[in-house]
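Okay, here's what each chain looks like letter by letter:
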Amino acid sequence: MQAVVINQYGDEHQLEMATLPIPTLGAHQVLVQVKATSINPIDWKLREGYLQKMFDWPFPIVLGWDLAGIITQVGVDVTDWQVGDEVFARPDTTNRGTYAEFAAVDDHLLAHKPANVSFAEAAAVPLAGETAWQALFEHGQLKAGQTVLVQAGSGGVGSYAIQLAKAAGAHVITTTSAKHFDLVRDLGADEIIDYRTEKITDKIHNIDLVIDTLGGQSQIDAWQVLNPQTGRQISIVGPAEQTPAIIADTTLTFKAIWLIPSGADLTAIADLMAAKKVKSVIDSTIPFSAAGLIQAHQLSATNHATGKIVITF
């Protein structure tokens, strides 16, 4: 099969096309012919070597941990999936990712692709959508009627978080730039703050939950807008240096999370997509090639993509 790999850590020009064996399946895995994948910050952070201590893999490394496609083979102990099923998933994090024509996926990480959702739209979802789901509900314990602030609502995780929170009956506030007001309003934001010209500390207070996708000063400022008794901040980027001291003598809650891939969470999102309550926001769709992946990494690293960057096969 054809795959885009890296053979050493470095800039985006380390991405190159290679021929690799089609993956051999474990008993509880399926083989998926990849129809689309998408780009996440973990891709280029790992490519640059920042995550080497966490994932010390041999080269060549195939990046990418989102996919949508068609099952072409099932492992001997797989019972719930069949050849021909259209699926999407956030596969386990290994050195054989989804920048490839075929990928092996553990059967418990799969979800059926909704019939009304394209492969490209489905491939945008898993990592960002599951991250948003777990931040909101498993860690943030968001309930109907509560108020949530989603930082950077036009980004990958933010765009799903707005929709998932709204579908759960929450009051949703988000930050973005003025050019994205119509987008986030369409996704379900009840209030919008222009991060370029306004401060959240001047606009809102007594918030139940903050979903932090930015870290740094944005995370620090958010402590001032939370409910002082029950407020909680869930971060997908880790704690700001000042955060431990800020919350040391308070009842505020902070948790930095790392996604645990979950077919069950993805199935819940798929149901909402089938019901047209959640959709993918796609910044760019780029054909699969080494040059295409280089372009996609460059765009992702600007941190200014609107929604997701998708690679199609």
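Each remark here, short or long, concerns the structure printed above.
Overview of the structure.

Description of the nonpolar core
Argument step 1. Phe88, Leu136, Leu142, Val148 and Leu164 are the most contacted members of the largest nonpolar core, which has 44 residues in total.
Argument step 2. For this core, the secondary-structure elements that each account for two or more residues are helix H2 (119-123), helix H3 (126-139), strand E8 (147-150), helix H4 (156-167), helix H5 (181-187), strand E11 (209-212) and helix H9 (263-274).
Argument step 3. One finds Val5, Ile6, Leu15 and Leu63 within the second-largest nonpolar core, a separate group that totals 34 residues.

Some words on helix H10 (residues 290-301)
Argument step 1. Over its 12 residues, H10 extends 17 Å from the first C-alpha to the last, a length consistent with the 16 Å expected when each residue adds 1.5 Å.
Argument step 2. Every buried residue belonging to H10 is among Ala290, Gly292, Leu293, Ile294, Ala296, His297 and Ser300, and all of these are buried.
Argument step 3. Of the surrounding elements, those touching the buried residues of H10 are strand E1 (2-5), strand E2 (16-19), helix H1 (41-47), strand E14 (282-287) and strand E15 (308-312).
Argument step 4. Taken from the residues just after H10, Asn303 is the one with a positive phi, measuring 60°.

Focus on the pattern of salt bridges
Two side chains with opposite charge may pair up if their charged atoms get near one another.
Argument step 1. Throughout the structure, instances matching the rule amount to eight salt bridges.
Argument step 2. Here Lys113 and Glu86 are joined by a salt bridge, their closest N and O atoms 3.4 Å apart. One end of the pair, Lys113, is in the loop between strand E7 (110-112) and H2; the other, Glu86, is in strand E5 (residues 86-89), with 27 residues separating them in the sequence.
Argument step 3. Residue Lys113 is classed as buried on the basis of its relative accessible area, which comes to 11%.

Overview of the packing of aromatic side chains
Argument step 1. The full count for this structure, using the stated rule, is seven aromatic pairs.
Argument step 2. Aromatic side chains Phe55 and Trp258 sit 6.5 Å apart centroid to centroid with 35° between the ring planes, which places their arrangement in the tilted category. Separated by 203 residues along the polypeptide, Phe55 in the loop between H1 and strand E4 (67-74) and Trp258 in the loop between strand E13 (253-256) and H9 bring together distant segments of the chain.
Argument step 3. For Phe55, a relative accessible area of 12% translates into the label buried.
Argument step 4. When its relative accessible area of 48% is taken as the criterion, Trp258 is described as partly exposed.

A short note on the packing of H3 against H4
Argument step 1. Relative orientation of the contacting elements H3 and H4 amounts to 50°, with a least axis distance of 8 Å. The angle between H3 and H4 places the two elements in the oblique class. Viewed along their axes, H3 and H4 form a crossing whose handedness is right-handed. Note on element contacts: H4 touches H3 through Gly156, Val157, Tyr160, Ala161, Leu164 and Ala165, opposite Ala128, Gly129, Thr131, Ala132, Trp133, Leu136 and Phe137.
Argument step 2. Split by residue class, the contact of H3 with H4 holds 10 nonpolar, three polar and no charged.

Parameters and conventions
- Residues numbered from 1 in each chain as written.
- Predicted model: local features only at pLDDT ≥ 70, side-chain atom pairs only at ≥ 80, totals over all residues.
- Heavy atoms only, no water.
- Core = buried A, V, L, I, M, F, W, Y, C linked by side-chain atoms within 4.5 Å.
- Buried < 20%, exposed > 50% of the residue type's maximum accessible area, 1.4 Å probe, protein only.
- Helix = DSSP H or I, 4+ residues; strand = E, 2+ residues; numbered from the N terminus.
- Expected span 1.5 Å × (residues − 1).
- Contact = heavy atoms within 4.5 Å.
- Salt bridge = Lys/Arg side-chain N within 4 Å of Asp/Glu carboxyl O.
- Phe/Tyr/Trp six-rings, centres within 6.5 Å; stacked < 30°, edge-to-face > 60°.
- Axes fitted to C-alpha atoms, helices over the stretch in contact; angles between N-to-C directions.
- Parallel < 35°, antiparallel > 145°, perpendicular 65-115°, else oblique.
- Left-handed = near helix turned anticlockwise from the far one by under 90°.
- Nonpolar A, V, L, I, M, F, W, Y, C, P; charged D, E, K, R; others polar.

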